[in-house]
Each structure stands twice: as C-alpha cells, then as structure tokens.
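These are the residues of each chain, in order.
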Amino acid sequence: MKLKSLFIANALLLGAGFMANAQAVTNAQPDNAALIKQGEYVARLGDCGACHTVAGKPAFSGGLAINSNLGTIYSTNITPDKDHGISGYSEAQFSDAVRKGVLPDGTRLYPAMPYPDYAKINDEDMHALYVYFMQGVKPSAEQPPETDLSFPFSQRWGMRFWNWAFASDKPFQPIGGASAQVNRGAYLVESLGHCGSCHTPRGFGMNEKALDSSDADFLAGGSLNNWDVPSLRGVAHWNEQEIVDYLGKGRNDKAAVGGEMTSVVENSTAHMTDDDLKAIAAYIKFLGGNPPVPAEDTQKVSATEARLTAAKNLSEGERLYLDNCGACHFVTGKGAPGVFPQLDQATIVNAKDPTGLIHTILAGAQQPSTARAPSTLVMPGFASRLTDEEAAQLSTFIRQGWSNNAPAVTAKDVSEVRKTLTK
C-alpha cells in the first residue's frame, strides 16, 4: 500500500481524534491548560497525528504501515498508556526520542520518524509537546504491530552510525539579517514542519542531503513513491498569498493539493495560524530560486486554444481532453481560480516523472475540506473509462499543450501506475 493511500485513509479520523482529547484537556490542571493547548498546536505543526493515527483506532495509538525501500515500518503508540504507550517517559527521554530517535531503553528509531528535522525543535515547544501528550491525550492500550525488517536492516544498532553520518544535533540557527517573520518561517519549515523530508533530495544512504537553508540542496525537490516532489526554493510562479492559500485551504487560484500534500494540509497546515502561514510563505520566497515549470509561451498557448476551440482534425490526445477535461479546465488550460486547477505551467504536469499526473487522471483527486475552505471538490477518476493507450495520449497532450514542455507518456507508463491503484 502506498503512503498516499495510507495517509488519506486516516485524514478524516484525525479531527475527531483531536476532539476526543479535548475532554482530557478540560480535566487537566488549570495551570497546565494553556500549556496543553500550546502543545496540541505544536503537535499539529509537527503533523504527529498523520503517522500515529490509523483508521478505526484511537488517536495517536500508532500502527500506521509505512512502506519504505527497507520494508514496512509501523508507527508506535504515543499515547500516555502505561503498558503500550509513553506514560513512563521522562521529559528528557521524550525529547531524546523526538529529537534524536533514541528510546529510553536505547533502541534506535528508523528515520521514517523525521527526528533529523525534529532535532531543531526548541525547548519551549518540546516542553509543551511533552505536557500535551502526557496530560492532554487520552491513553490507549492499543498495541501496534512490531516493525520487523529483514537483515541487516533489522539491526537497529546500526542506526548509530547512520545518525553519526547523516543526522545532526545542531539546534535551529536563525538566518542572519533576515526578518523575524522569515526566521519564524525558517524554524517551522526546518523543524516541526519537516518539509525537507519530502522536498529535499535524498543521498545514497536515503538521507536528506541538507537539513537547513545554508545548503542549496535544501528544499530543492525530490521524489516520493515515484511522484516528483517540487522544489520549494522561491516558488517564483506563486506569490506569498498563493502559498498561504495553498497551505491553509488546500487550494489557490492556480493549483489544488494532491498526493501526500492532501494529508499534510488536512492534518497540519490547515490548522496553522495566519501568522505562521505567512511566515512560511515569507521564508520560501526569501530562499529564492528558479521556477520548476516552463515560462509562458503566448504563441504556443494561442495555438493550443485555437485548435481546441475549432475542434477540427484533432489528435487523439486533444479529442480526449475535450471529452473528459475541457468542461472544467477549459480550452485555455487555466481552469477556474480557486475551483479547478490550472494545467498550463502546472508543476505536476511538467514533472520529469509523469506518475503524479497519470495517477490523478486514473484515480481522480479530492480537495480537503478545511476551516478556511470548507467545500469539498472532487475530480472523478477515469481508470474505468480510459485504456492505457488513451490515458497516455491524454497525458502527453496535457504535458505538451499550451506552455507545457514535458516528455511524452507511454501506455507502459500508465500500466505501471494502474497496477498501484487500490482495488
């Protein structure tokens, strides 16, 4: 099972899970109520629920199956249960688990738990997080499956050497000369947000090549389950408000979330304050960088629009676009702002690996319902309607129409993606 399906399957449960813990917050000592509330917000910033909550199970009781190149890794129970959770952890032990990936008994966690990024969480947030999990989360006696990787990956002691080579205990370092807003965004992105775990390219040891903005590889883009993950350095094709809208609503006037970002928005960024979202946007723009999409080609755009409008002597891909996509994305490929995503110059369309686009065409997509944008918009999947060859022709047209300039898609490409769809 892919990470995408696992995360999205849990998304609807997490809000209920946090609500279920509200009573525990109410029953807490009055002096700690504000601290617990702060810790709950920090847990949202860190997206803890996405990995530690499974459909049909209590919040934070673990058991999420995370597929990796090494095998299946199961998340742990992080509720304050005395037998199966973390009730016995001191604050120092809790901090070591989160920041260093080391449990009280010396067991080493695998970096599916993003402790290389969490190492930068400051003491104030770590304290609030500890108080929240100990006093604001309802205990659960749920026992998750044990992670049992094959040799040699089963030898957790080897993680000591991995940590020595690839992790760091260096605290967050503010960017000299940057504004307080940019540095707040840097802290959120580099630590709790652990954005680099997906958006930074991986090295030979499956390590993040960089852990902060001092290295040009940081947030320079990567790959996850064969989906291209875009660079976040500058995002020159979006302004700051469009970044804020994307993270806070799951959509903006040009795009809508898909893949892993659906879970990230629904469980984490949609719950952030406006100030924190603006800080993240300011930091991303501060980084600078070139857009990973082609510049607008007005002559090519006009030619594509003219052919689709005339609807004569169409290629197979053009015909399929008008029959299946044109009603929402229009002959302009611009979609409808805030409703239907733009296809012209879209990152997912121009990605080197077409998996994301193919998956969306076959399986469809659903925008999350958030407080800032409660409506749920659904794109139907066309897996049962299109053959592999037809989906390939459609994908190729979209990737090469208007300003887009990406390689063609083959029926074999589509066939490989179709095999991954949930039956």
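Residues numbered from 1 in each chain as written. Predicted model: local features only at pLDDT ≥ 70, side-chain atom pairs only at ≥ 80, totals over all residues. Heavy atoms only, no water.

## Digging into the overall build of the protein
Helix and strand counts for the protein come out as 20 helices and six strands. Taking 423 residues into account, the globule formula puts the C-alpha radius of gyration at 22 Å, and the protein, at 22 Å, falls close to it. The buried share of the protein, reckoned over its 423 residues, is 49%. Taken as a whole, the protein presents about 19,600 Å² of accessible surface, with 55% of it coming from carbon and sulfur. Averaging the positions of the 36 positive and the 44 negative side-chain charges in the protein gives two centres separated by 3 Å. (Helix = DSSP H or I, 4+ residues; strand = E, 2+ residues; numbered from the N terminus. Rg over C-alpha atoms; globule rule 2.2 N^0.38 Å. Buried < 20%, exposed > 50% of the residue type's maximum accessible area, 1.4 Å probe, protein only. Areas by Shrake-Rupley, 256 points an atom, 1.4 Å probe, with all protein chains shown as cover. Lys, Arg positive; Asp, Glu negative; His and termini not counted. Charge placed at Lys NZ, Arg CZ, Asp CG, Glu CD.)

## What to know about the UniProt feature "binding site: heme c 1" (unreviewed entry) in the protein
Taking the numbering used here, the UniProt-annotated feature "binding site: heme c 1" (unreviewed entry) corresponds to C48, C51 and H52. Counting through the fold element by element, C51 comes out in helix α4 (residues 48-52). Exposure remark for C51: the relative accessible area of 21% places this residue in the partly exposed category. Relative to the elements of secondary structure, H52 occurs in helix α4. Since its relative accessible area comes to 12%, H52 is described here as buried. Beyond its immediate sequence surroundings of up to four residues, H52 is in contact with A59, F60, S61, G62, S75, T76 and I78. (UniProt positions renumbered as here; feature names shortened; annotations may be inferred. Contact = heavy atoms within 4.5 Å.)

## Observations regarding the confidence of the model for the protein
For the protein, per-residue confidence averages 89 on the pLDDT scale, and residues scoring 70 or more make up 91% of the total. Counted against residues more than four places away or in other chains, residues 1-20, with its pLDDT under 50, gives 48 contacts. (pLDDT = per-residue confidence, 0-100.)

## Re the nonpolar core
Residues F60, F94, F133 and Y283 are the most contacted members of the largest nonpolar core, which totals 66 residues. At eight residues, helix α7 (residues 123-136) tops the list of elements feeding residues into this core. Three or more residues apiece are contributed to this core by two domains, here domain 1 (30-142) and domain 2 (172-293). Apart from the residues lying within four places of it in its own chain, the contact partners of F133 are A43, C48, F60, I78, P80, I86 and F94. Listed in part, the 24 residues of the second largest apolar core include L320, Y321, C325 and I398. (Core = buried A, V, L, I, M, F, W, Y, C linked by side-chain atoms within 4.5 Å. Domains from an automatic or database assignment.)

## With respect to the pairing of strand β2 (residues 71-74)
As paired elements, strand β1 (residues 65-68) and β2 share four bridges and run antiparallel to each other. Within β2, the residue paired with I66 across the bridge is I73. Connecting β1 to the next strand, β2, in antiparallel fashion are two residues. (Pairing = 2+ DSSP bridges.)

## Focus: the packing of helix α15 (residues 316-324) against helix α19 (residues 388-400)
For any two helices packed against each other, the geometry comes down to the angle between their axes and how far apart the axes lie. Closest axis-to-axis distance for the α15/α19 pair is 8 Å, and the angle between their directions is 90°. The angle between α15 and α19 falls in the class roughly perpendicular. Contacts between α15 and α19 involve E316, G317, E318, L320 and Y321 on the former and, on the latter, E390, Q393, L394, F397 and I398. Residues belonging to the contact of α15 with α19 are distributed by class as follows: five nonpolar, two polar and three charged. (Axes fitted to C-alpha atoms, helices over the stretch in contact; angles between N-to-C directions. Parallel < 35°, antiparallel > 145°, perpendicular 65-115°, else oblique. Nonpolar A, V, L, I, M, F, W, Y, C, P; charged D, E, K, R; others polar.)

## Some words on the pattern of salt bridges
All chains considered together, the criterion is met by 14 salt bridges. With a shortest N-O distance of 3.6 Å, E242 and K254 are connected by a salt bridge. In this pair, E242 is assigned in helix α11 (residues 240-249) and K254 in the loop between α11 and α12 (260-267), connecting sequence segments twelve residues apart. A relative accessible area of 11% places E242 in the buried class. The class for K254 is partly exposed, based on a relative accessible area of 27%. One salt bridge connects D245 with K249, and the closest N-O pair in it is separated by 4.0 Å. Taken together, the residues span about one helical turn, with D245 and K249 both in helix α11 at a distance of four residues. Looking at K249, the relative accessible area reads 29%, which means it is partly exposed. Here the residues in one salt-bridge network are E316, R319 and D323, joined through shared partners. (Salt bridge = Lys/Arg side-chain N within 4 Å of Asp/Glu carboxyl O.)

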